[in-house]
There are 2 protein chains.
Amino acid sequence: MMIVIEVRDQHDGDTRARPHTGSDVRARMVQAAATLIGARGVSATSFTDVIEASGAPRGSIYHYFAGGKRQLVAEAIEWTSEQVQAHQRGCDATTTSGVIEHFVDLWRQIVTSSGAHAGCPLAALASDPYADEPQLAAAVERGFEAWTALLTDQLGSAGMSGSDALAIATTTVAAMEGALILCRARGNVAPLDAIATQLHQLVTAGT
Amino acid sequence: MMIVIEVRDQHDGDTRARPHTGSDVRARMVQAAATLIGARGVSATSFTDVIEASGAPRGSIYHYFAGGKRQLVAEAIEWTSEQVQAHQRGCDATTTSGVIEHFVDLWRQIVTSSGAHAGCPLAALASDPYADEPQLAAAVERGFEAWTALLTDQLGSAGMSGSDALAIATTTVAAMEGALILCRARGNVAPLDAIATQLHQLVTAGT
């Protein structure tokens, strides 16, 4: 998700011309898949789309992803999950509102950098027939759980009681997923900004 | 969305055997399309799926929907939007928390009646390539705006100030959209229940 700009920059900058290692290509394909799945859904994202968006050589898919589309989708989900966690682990706020603001900032960045077009690959998979694949459904569940657990821990460290922290963490994750949808529908970041003020109210009241 | 049970009941009860009017068939097709689009997305929902789920005679699609899939999808979006508004217009609560609870109850019912499998057709369309169709994107935007405006009015009538009411209404719609996603990923209604407690906190603090 975060990588929307990066992928586009690489594309615009014609990185295809410079030499790159296999792991570069592989990583770019996973990132491009995550961006496309978030924006269009799993069913509507083809290998061809991923090849084009990542600038990877044709034939790369089965070279790097022997498990085919399922494997690429699973890695895109796991990569997204990890990107969000990495961002949030970088939070050095000592207040509950600081913790929430750090998380919200990531989603605001996703909306604004994509012109309100980006979506979340985890949400996209949850509402796709591919969610019938137990391995993929489990990856989505693990991702949401990891984000919620991390926020719960951070809110706890900032002084919030355990049960409040879990409920507020869950609400924050849900509100950001919903915000992404409303921002896409509206074509701007206004819904997310309104929601951010309310999450701020919530944590301020709760501590 | 609400109609998940109804569609299934009709199906299980073999309504195909009883005579029905053209408008019955047409309405069932729109409802089935809404349920399928919410659960699987627009791209992965075929006419054949809609025919099977609604029990409509083959050939009904172009008979009733001369505009093809686009028309059926547009009507499914509008029907969903109207169902949610109809439910919420039935709210006779005089407190802000009563207004929010009435809205949340609809979404809880959607989650529980579908075994946490239902999704929202508006959210599904927002993250589908079909969102590139201006008419469909506009229908989604109108739907979210209508829900938000109705909640804002009801919160206002229950005594909340205008700007707070709009921000809380936006947050409630986003939180329910996010809740549906988290409930699908978890396979149960627990995330929605946690979120409901926080929305309750929010409106209680706000009035």
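The structure under discussion appears in the preceding block.
This section reports on the structure supplied with the text. (Residues numbered from 1 in each chain as written. Chains lettered and ligands numbered in written order. Predicted model: local features only at pLDDT ≥ 70, side-chain atom pairs only at ≥ 80, totals over all residues. Heavy atoms only, no water.)

**Here's the deal with the packing of aromatic side chains**
All names here are of chain B. Under the defined criterion, the tally for this structure stands at eight aromatic pairs over all chains. With a centroid separation of 5.6 Å and 85 degrees between ring planes, the pair formed by Phe47 and Tyr62 is classed as edge-to-face. Linking Phe47 in helix H3 (residues 47-54) with Tyr62 in helix H4 (residues 60-64), this pair joins segments that are 15 residues apart in sequence. The exposed category is assigned to Tyr62, whose relative accessible area is 55%. With a centroid separation of 5.8 Å and 75 degrees between ring planes, the pair formed by Trp107 and Trp147 is classed as edge-to-face. In this pair, Trp107 is assigned in helix H6 (residues 96-113) and Trp147 in helix H8 (residues 134-157), connecting sequence segments 40 residues apart. The exposure class of Trp147 is buried, given its relative accessible area of 2%. (Phe/Tyr/Trp six-rings, centres within 6.5 Å; stacked < 30°, edge-to-face > 60°. Helix = DSSP H or I, 4+ residues; strand = E, 2+ residues; numbered from the N terminus. Buried < 20%, exposed > 50% of the residue type's maximum accessible area, 1.4 Å probe, protein only.)

**With respect to the relation of the copies chain B and chain A**
Superposing chain B onto chain A requires a rotation of 180 degrees together with a translation of 0.0 Å along the rotation axis, leaving an RMSD of 0.0 Å. This pairing of chains is accounted for by a two-fold axis. Most of the interface of chain B is mirrored in chain A, where 100% of its interface residues are also at the interface. (Least-squares fit on C-alpha atoms with pLDDT ≥ 70 in both. Contact = heavy atoms within 4.5 Å.)

**Some thoughts on the packing of helix H5 (residues 68-89) of chain A against helix H8 (residues 134-157) of chain A**
All names here are of chain A. As a packed pair, H5 and H8 sit with axes 9 Å apart at the nearest point and diverge in direction by 5 degrees. One finds that H5 runs roughly parallel with respect to H8. Across the interface between the two elements, Arg70, Val73, Ala74, Ile77, Glu78, Thr80, Ser81, Val84, Gln85, Gln88 and Arg89 of H5 pack against Gln135, Leu136, Ala139, Val140, Arg142, Gly143, Ala146, Trp147, Leu150, Leu151 and Gln154 of H8. For the contact of H5 with H8, the class distribution of residues is eleven nonpolar, seven polar and four charged. (Axes fitted to C-alpha atoms, helices over the stretch in contact; angles between N-to-C directions. Parallel < 35°, antiparallel > 145°, perpendicular 65-115°, else oblique. Nonpolar A, V, L, I, M, F, W, Y, C, P; charged D, E, K, R; others polar.)

**Quick look at the pattern of salt bridges**
A full pass over the atoms with the stated rule returns 14 salt bridges over all chains. Across the pair A:Arg70 and A:Glu133 runs a salt bridge, and its minimum N-O distance is 2.8 Å. With A:Arg70 in helix H5 and A:Glu133 in the loop between helix H7 (121-126) and H8, this pair connects stretches of sequence that are 63 residues apart. Under the relative-accessibility criterion, A:Arg70 is labelled partly exposed at 38%. The class for A:Glu133 is partly exposed, based on a relative accessible area of 24%. A salt bridge links B:Arg108 to B:Asp105; its shortest N-O distance comes to 2.9 Å. (Salt bridge = Lys/Arg side-chain N within 4 Å of Asp/Glu carboxyl O.)

**Focus: the interface of chain B and chain A**
In this complex, chain B contributes 37 residues to the contact, which on the side of chain A involves 37 residues. Here chain B and chain A share an interface that buries about 2,900 Å² over both sides, 72% of which is from carbon and sulfur atoms. Broken down residue by residue, the surface that chain B buries against chain A is led by B:Ile181, B:Leu182 and B:Gln198, which jointly contribute 19%. Here A:Arg186 ties to B:Glu145 by a salt bridge, and the two come within 3.4 Å at their closest N and O atoms. Counting across the interface, chain B meets chain A through four residue pairs in polar contact (both at pLDDT 80 or more). Those elements giving two or more residues to the side of chain B that touches chain A turn out to be helix H2 (22-40), helix H7 (121-126), H8, helix H9 (162-186) and helix H10 (190-206) of chain B. (Buried area = accessible area lost by both parts, 1.4 Å probe. Polar contact = N/O pair within 3.5 Å; in protein donor to acceptor, adjacent residues only side chain to side chain.)

**Digging into empty space enclosed by the protein**
Empty pockets left among the atoms are what a rolling probe the size of a water molecule brings to light. If you walk through the whole model with that rule in mind, you get six cavities of 30 Å³ or more. If you trace the largest cavity, you find 20 residues lining it, with A:Ala123, A:Ile181, B:Ala123, B:Ser127 and B:Ile181 closest to the centre. Where the lining of the largest cavity is concerned, the elements lending two or more residues are H7 and helix H9 (162-186) of chain A together with H7 and H9 of chain B. By residue class, the composition of the lining of the largest cavity is ten nonpolar, six polar and four charged. In this model, the second largest cavity occupies a volume close to 110 Å³. Forming the boundary of the second largest cavity are 15 residues, of which A:Gly41, A:Ser127, A:Asp128, B:Gly41 and B:Asp128 lie nearest the centre. For the lining of the second largest cavity, the residue count by class is five nonpolar, six polar and four charged. (1 Å grid on protein atoms, 1.4 Å probe; cavity = no way out; pocket = protein on both sides within 12 Å on 5 of 7 lines; lining within 4 Å. Points joined across faces, edges and corners; volume = space filled by probe spheres on them.)

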